[in-house]
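One-letter residues, chain by chain:
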Amino acid sequence: MDWLMGFSNDKEKLLKQDTPDFQLRIMHRKSKGKPNGKKPAPEEKKLYLEPEYTKSRITDFEFKELVMLPREIDLNEWLASNTTTFFHHINLQYSTISEFCTGESCQTMAVCNTQYYWYDERGKKIKCTAPQYVDFVMSSVQKLVTDEDVFPTKYGKEFPNSFESLVKKICKYLFHVLAHIYSSHFKETLALELHGHLNTLYTHFILFIREFNLVDPKETTIMDDLTEVLCSSGSGSGGSSNGSGNGSSAGAQNHVKER
Ligand SMILES: [Zn+2]
């Protein structure tokens, strides 16, 4: 459970090399085809789309209203508290299946047929397993949300100018983790009877990132089939997720370039 807290010595070392500005200097690249060397598993039936599972939630709460910025609350405060909460919940949800997400079972950070790579602070692409990728995500986010200069909690302390773009990055990587749980560990989640939690968390998260435009819709296209089932109830959602599936790199990475 070392990853849960997100700090191993190696990671500490890695993080220390970061420049003060930020530090999820990680990007991903999509490759629609085969991941290096390893052939993607043949398109399986997506278990998580089965109606008997998608209808499972732990609450019928109207998340669409819940995510809206309450009057009198500062936008950044709202983004900060929600992002931090999602980080903890997604971290926890992943922890329930982390023993099954190993370097052997998940040799790459795959979601359906898309593979994500980690990029270090110098922009160097790092090929890593899914547990390593998740570990990078969680430790980087942990570092950010506990950094008083980025997520200030003290009265009178201002949010940095880069705050919103940092929140966007965090949400993008948290989305990858959620998507990986669905695409690679749904069976285990089912066995643990935690799919209702997962569906609820996913729905809440997606409605939140939509409400504040935090993740490029092209980035989340990969899970649109699920999103539609889980989040469409009464939402309508603008209906413009015509992400053509590929060619997403340019747009999707615009907001990744933190200066
Ligand atoms: Zn995995």
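Model, not experiment: these values are computed from the prediction.

Enquirer: Any chance you could break down helix H7 (residues 163-191) for me, citing the residues and the numbers?
Expert: At His185, H7 shows its maximal bend, which comes to roughly 90°. The buried count for H7 comes to 21 of 29 residues, which makes it a mostly enclosed element. Taken from the residues just after H7, Glu193 is the one with a positive phi, measuring 55°.

Enquirer: I'd love a proper account of helix H10 (residues 224-231), names of residues and values included.
Expert: What H10 keeps buried is the set Leu226, Thr227, Leu230 and Cys231. Across the axial projection of H10, the buried residues extend over an arc of 100°, all falling on one side. On its buried face, H10 is in contact with helix H3 (51-54), H7, helix H8 (195-211) and helix H9 (217-220).

Enquirer: Can you explain the nonpolar core? Please cite residues and give values.
Expert: Core analysis: the largest hydrophobic core is formed by 52 residues, its most contacted members being Ile170, Leu174, Val177 and Leu178. Listed by contribution, the elements that provide at least two residues to this core are helix H5 (75-97), strand E1 (109-111), helix H6 (130-145), H7, H8 and H10. It is H7 that contributes the most residues to this core, twelve residues altogether. Among residues more than four places away in sequence, those in contact with Leu174 are Phe86, Phe87 and Ile90.

Enquirer: Lay out the confidence of the model for the protein chain with the relevant residues and their values.
Expert: The share of residues in the protein chain with pLDDT of 70 or more is 73%, and the mean pLDDT across the chain is 79. For the stretch residues 1-35, pLDDT sits under 50, and the model shows 60 contacts to residues farther than four places along the chain or on other chains. Overall, residues 234-259 carries pLDDT values under 50, and its contacts beyond four positions in sequence, including any with other chains, amount to 32 contacts.

Enquirer: Break down the packing of H5 against H6 for me, with residues and values.
Expert: At a minimum axis separation of 11 Å, H5 and H6 run at an interaxial angle of 150°. In terms of their interaxial angle, H5 and H6 are classed as roughly antiparallel. Seen along the crossing, H5 lies across H6 with a hand that is left-handed. Of H6, the residues touching H5 (which contributes Thr84, Phe87, Asn91 and Tyr94) are Val134, Met138, Val141 and Val145. In terms of residue class, the contact of H5 with H6 is built from six nonpolar, two polar and no charged.

Enquirer: Tell me about the environment of Thr203, and name the residues and values.
Expert: With respect to the secondary-structure elements, Thr203 resides in helix H8. Accessibility expressed as a C-beta count within 10 Å gives 22 for Thr203, which makes it buried. Separated by 23 residues in the primary sequence, Thr203 and Leu226 place their C-alpha atoms 9.6 Å from one another. With near-sequence residues (within four places) excluded, Thr203 lies in contact with Phe63, Leu230 and Cys231.

What counts and how
Residues numbered from 1 in each chain as written. Predicted model: local features only at pLDDT ≥ 70, side-chain atom pairs only at ≥ 80, totals over all residues. Bend = angle between axes of the 7 residues up to and from the residue. Helix = DSSP H or I, 4+ residues; strand = E, 2+ residues; numbered from the N terminus. Buried ≥ 20, exposed ≤ 12 C-beta atoms within 10 Å, placed from the backbone. Arc of directions from axis to C-beta. Contact = placed C-beta atoms within 7 Å. Core = buried A, V, L, I, M, F, W, Y, C linked by C-beta atoms within 7 Å. pLDDT = per-residue confidence, 0-100. Axes fitted to C-alpha atoms, helices over the stretch in contact; angles between N-to-C directions. Parallel < 35°, antiparallel > 145°, perpendicular 65-115°, else oblique. Left-handed = near helix turned anticlockwise from the far one by under 90°. Nonpolar A, V, L, I, M, F, W, Y, C, P; charged D, E, K, R; others polar.

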